[in-house]
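Each chain is listed here by its residues.
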Amino acid sequence: MRSVTLKNGSTVPVLGLGTWRMGERGSERAAEVAALKLGLELGIRLIDTAEMYGEGKAEEIVADAVADRRDEIFIVSKVYPHNASRKGAIAACERSLKRLKTDRIDLYLLHWRGSHPLAETVEAFETLKRDGKIKSWGVSNLDADDVRELEGVPGGKNCVSDQVLYHLGSRGIEWQLLPYCQKAKIMVMAYSPLGQGPILRKPALKTIADKHGGDVAAVALAWVLRQPGVIAIPKATNPAHVRANMKALDVKLDAEDLKALDAAFPPPQRGSPLAMT
Ligand code: NAP
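The notes below deal with the structure included here. (Residues numbered from 1 in each chain as written. Predicted model: local features only at pLDDT ≥ 70, side-chain atom pairs only at ≥ 80, totals over all residues. Heavy atoms only, no water.)

1. Side note on the sheet that holds strand E9 (residues 230–232)
- Here we have seven strands laid out as an open sheet, ordered E3-E4-E5-E6-E7-E8-E9, and parallel in their pairing. Looking at which strands have only one partner, the edges of the open sheet turn out to be strand E3 (46–48) and E9. Across the sheet, the mean angle from the axis of one strand to that of its neighbour is 25°, orientation sign disregarded.
- The pairing of strand E4 (residues 74–79) with strand E5 (residues 107–110) spans four bridges and is parallel. Note on E5: the bridge partner recorded for Val79 is Leu110.
- Against the sheet, helix H4 (residues 118–130) makes contact with E4, E5 and strand E6 (137–140), and its axis sits at roughly 165° relative to E5, the strand it touches most. (Pairing = 2+ DSSP bridges. Helix = DSSP H or I, 4+ residues; strand = E, 2+ residues; numbered from the N terminus. Axes fitted to C-alpha atoms, helices over the stretch in contact; angles between N-to-C directions. Contact = heavy atoms within 4.5 Å.)

Here it is as structure tokens:
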């Protein structure tokens, strides 16, 4: 699979598996573990989770799914803003490690900006990195001004990724944040890359999908992945969805497709505050 090289030299595959809404209902647990395992069997090597998802239960599901191949998988997790103090982030990470049944998280993110100063969070992340509990760290839901501020605090330039909302129906980051991150070598992780579903019903997408094997989700994901330095983490529990999303890796959109998609899902004409799910 194509990959993105982080500032610290490690490589990250461009397609991963999301886990938001997993772990919320016990009756779905087996299906959720099975969906993640299927993704891994099909070749996916990155899973995105957070202490917030299912209040820790999603991390436990990830632990079950990667149990027999932990070393092959790049695990991303996130700390709640209210836990992101100098001491709080370290304690939260240790709880996540226990639930994930692992000794390190590959990429640890601040879920969104809260009231703890960025400098404190960075200090905690750097301590966790020094102690081998995380391999790298980043942020989520930070707009260009916040990222610039982050880069100004001690150690802040070690941020390797910003995880933000990005899909055909929400293209705001193309105005400022995406070019800024590409220049600064901060990987953009596109969350909700399928727009949680509704964008997949747009007729323009269907027309292009018909040209590329028939799968609208694969086209929507391939469109996100057309940008250098960008990866996508769709969530799917339905096994047919997991399989369909893999097809994104085979879709090569041409100039005509991109023009048609621009007409159906216009790019931003001005700056606007970062959208969030
Ligand atoms: P998404 O991946 O855009 O959409 C997920 C929804 O789309 C689910 O209902 C899923 O259904 C459906 N789906 C998946 N594949 C499909 C396909 N091939 N055809 C039709 N429908 C399909 O939305 P998301 O879960 O919000 O975002 C993805 C991940 O990003 C999350 O799980 C989470 O890890 C991360 N995230 C991060 C933040 C943040 O603040 N950092 C915010 C939101 C999300 P089934 O499950 O039934 O298959």
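From this point, the narrative continues.
2. Here's the deal with the packing of helix H1 (residues 29–41) against helix H2 (residues 57–66)
- Where H1 meets H2, the axes come as close as 9 Å, and the angle between the chain directions of the two elements is 50°. When the interaxial angle is binned, H1 and H2 end up oblique. Between H1 and H2 the crossing geometry is right-handed. Across the interface between the two elements, Arg29, Glu32, Val33, Leu36, Lys37 and Leu40 of H1 pack against Glu60, Ile61, Val62, Asp64, Ala65 and Val66 of H2.
- The residue makeup of the contact of H1 with H2, split by class, is seven nonpolar, no polar and five charged. (Parallel < 35°, antiparallel > 145°, perpendicular 65-115°, else oblique. Left-handed = near helix turned anticlockwise from the far one by under 90°. Nonpolar A, V, L, I, M, F, W, Y, C, P; charged D, E, K, R; others polar.)

3. Quick word on the site of the ligand
- Lining the immediate surroundings of the ligand are 27 residues, of which Asp48, Ser192, Gln196, Lys235 and His241 lie closest.
- In the model, a nitrogen atom of the ligand is placed 2.9 Å from a nitrogen or oxygen of the Gln163 side chain.
- Here the ligand has 900 Å² of accessible area as a free molecule, and 85% of this is covered by the chains.
- Sorting elements by how many residues they give to the shell around the ligand places helix H9 (residues 239–246) first, with three residues.
- Residue composition of the shell around the ligand, grouped by class: 11 nonpolar, 13 polar and three charged. (Near = heavy atom within 4 Å. Polar contact = N/O pair within 3.5 Å; in protein donor to acceptor, adjacent residues only side chain to side chain. Areas by Shrake-Rupley, 256 points an atom, 1.4 Å probe, with all protein chains shown as cover.)

4. Structural notes on the packing of helix H7 (residues 203–211) against helix H8 (residues 216–224)
- Their axes nearest at 8 Å, the elements H7 and H8 cross at an angle of 95°. Classed by the angle they form, the pair H7 and H8 counts as roughly perpendicular. Across the interface between the two elements, Leu205, Lys206, Ile208 and Ala209 from H7 touch Val216, Val219 and Ala220 from H8.

5. Here's the deal with the nonpolar core
- In terms of nonpolar packing, the biggest core is built from 90 residues, with Tyr108, Met189 and Leu261 touching the most fellow members.
- Examining the composition of this core, we find that nine residues originate from one element, H8, more than from any other.
- Leaving out residues up to four positions away in the same chain, Tyr108 has contacts with Ser77, Lys78, Val79, Ala89, Ala92, Cys93, Phe125, Leu128, Ile134, Ser136, Trp137 and Gly138. (Core = buried A, V, L, I, M, F, W, Y, C linked by side-chain atoms within 4.5 Å. Buried < 20%, exposed > 50% of the residue type's maximum accessible area, 1.4 Å probe, protein only.)

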